[in-house]
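# Results of the structural survey
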Amino acid sequence: LKTVQNNYVLGLAAIGLLTADSSQSQLRSDHAAFGEFSVQFAQVADLMRVPVHRDDAIKSFSIMLMCSLVKDTFELVKHHAETKGLDDDLKGQAWYHFARLVRNCLGHNFILEFNGHDVALMPVAWRGRTLTAAMNGQELPLAFFGYAEAWHIFLDMLQFAVERKL
């Protein structure tokens, strides 16, 4: 989980660095090479120079970071809990079903999709947010579950993992 957290923080640092005016000259002259391929960073400089493009790119990048934080953490915690026979303990956590449904949504283009088992659990609430059967098929708005909520649910899952020495 430390790696997942580090990746998220590295992404946030990248946002800060990429949006700094001082990064323009570095981006215009640098690139990444891997094997026979090379990617020029001038494209990033162009994105960061135009406010509307910068805002869109940063929002997309931030959403990607959020998805990775929630999905990777959920899958790791679930795997290690199951390995230690803590399935019931895991599923009894106040955040578990909310995190599971949001994780599924993040993995499916931000569309909430509930099956019969999910609907039978409804409403599913966590930290003042409530998922209901009426939300089935709807897009998950960032105003409902955004960057702050992703960090909070990460912390809840991390606390579970630390307390159980997963």
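Analysis parameters
Residues numbered from 1 in each chain as written. Predicted model: local features only at pLDDT ≥ 70, side-chain atom pairs only at ≥ 80, totals over all residues. Heavy atoms only, no water. Helix = DSSP H or I, 4+ residues; strand = E, 2+ residues; numbered from the N terminus. Buried < 20%, exposed > 50% of the residue type's maximum accessible area, 1.4 Å probe, protein only. Pairing = 2+ DSSP bridges. Axes fitted to C-alpha atoms, helices over the stretch in contact; angles between N-to-C directions. Parallel < 35°, antiparallel > 145°, perpendicular 65-115°, else oblique. Left-handed = near helix turned anticlockwise from the far one by under 90°. Contact = heavy atoms within 4.5 Å. Nonpolar A, V, L, I, M, F, W, Y, C, P; charged D, E, K, R; others polar. Core = buried A, V, L, I, M, F, W, Y, C linked by side-chain atoms within 4.5 Å. Salt bridge = Lys/Arg side-chain N within 4 Å of Asp/Glu carboxyl O.

What follows deals with unusual backbone geometry. Between M122 and P123 the backbone carries a cis peptide bond, its omega angle lying at -5°. In this structure, P123 sits in the loop between α7 (116-121) and β3 (124-126). Backbone geometry at F110 places phi at a positive 65°, although glycine is not the residue there. Mapped onto the secondary structure, F110 falls in the loop between α6 (96-106) and α7. Owing to a relative accessible area of 13%, F110 belongs among the buried residues under this scheme.

Relative to strand β2 (residues 37-40), strand β1 (residues 31-34) is paired through four bridges, and the arrangement is antiparallel. Along β2, the bridge assignment pairs A32 with V39. Once β1 ends, the chain turns through two residues before running back antiparallel as β2, passing G35 with a positive phi of about 60°.

The contact between helix α4 (residues 51-83) and helix α8 (residues 147-163) brings their axes to 10 Å, and the two run at 20°. Comparing their axes, α8 and α4 come out roughly parallel. The hand of the α4/α8 crossing is left-handed. Residues K59, S62, I63, M66, L69, V70, T73, F74, V77 and A81 of α4 pack against Y147, A150, W151, I153, F154, M157, F160 and A161 of α8. The residue inventory of the contact of α4 with α8, partitioned by class, reads 15 nonpolar, two polar and one charged.

Moving on, we get to the packing of α4 against α6. Closest axis-to-axis distance for the α4/α6 pair is 10 Å, and the angle between their directions is 125°. With respect to each other, α4 and α6 are oriented oblique. Crossing handedness for the pair α4 and α6: left-handed. In this structure, α4 uses M66, C67, V70, K71, F74, E75 and K78 to contact α6, whose residues at the interface are Y96, A99, R100, R103 and L106. Among the residues making up the contact of α4 with α6, the classes are represented as seven nonpolar, no polar and five charged.

Below, the discussion takes up the nonpolar core. Judged by nonpolar contacts, the single largest core of 40 residues is most densely connected at W95, F98, L106, L131, L140, F145 and I153. Broken down by element, the residue count for this core peaks at 10 residues, all from α4. Beyond its immediate sequence surroundings of up to four residues, F98 is in contact with V124, A125, W126, R129, L131, F144, F145 and I153.

We now examine the pattern of salt bridges. Inspection of every chain in the model, using the stated rule, returns 10 salt bridges. For R129, the salt bridge goes to E149, with nearest N and O atoms at 2.5 Å. Here R129, found in strand β4 (residues 129-131), pairs with E149, found in helix α8; they are 20 residues apart in sequence, far enough to count as distant. Bridged by salt links that share partners, the residues R28, D46 and R49 form one connected network.

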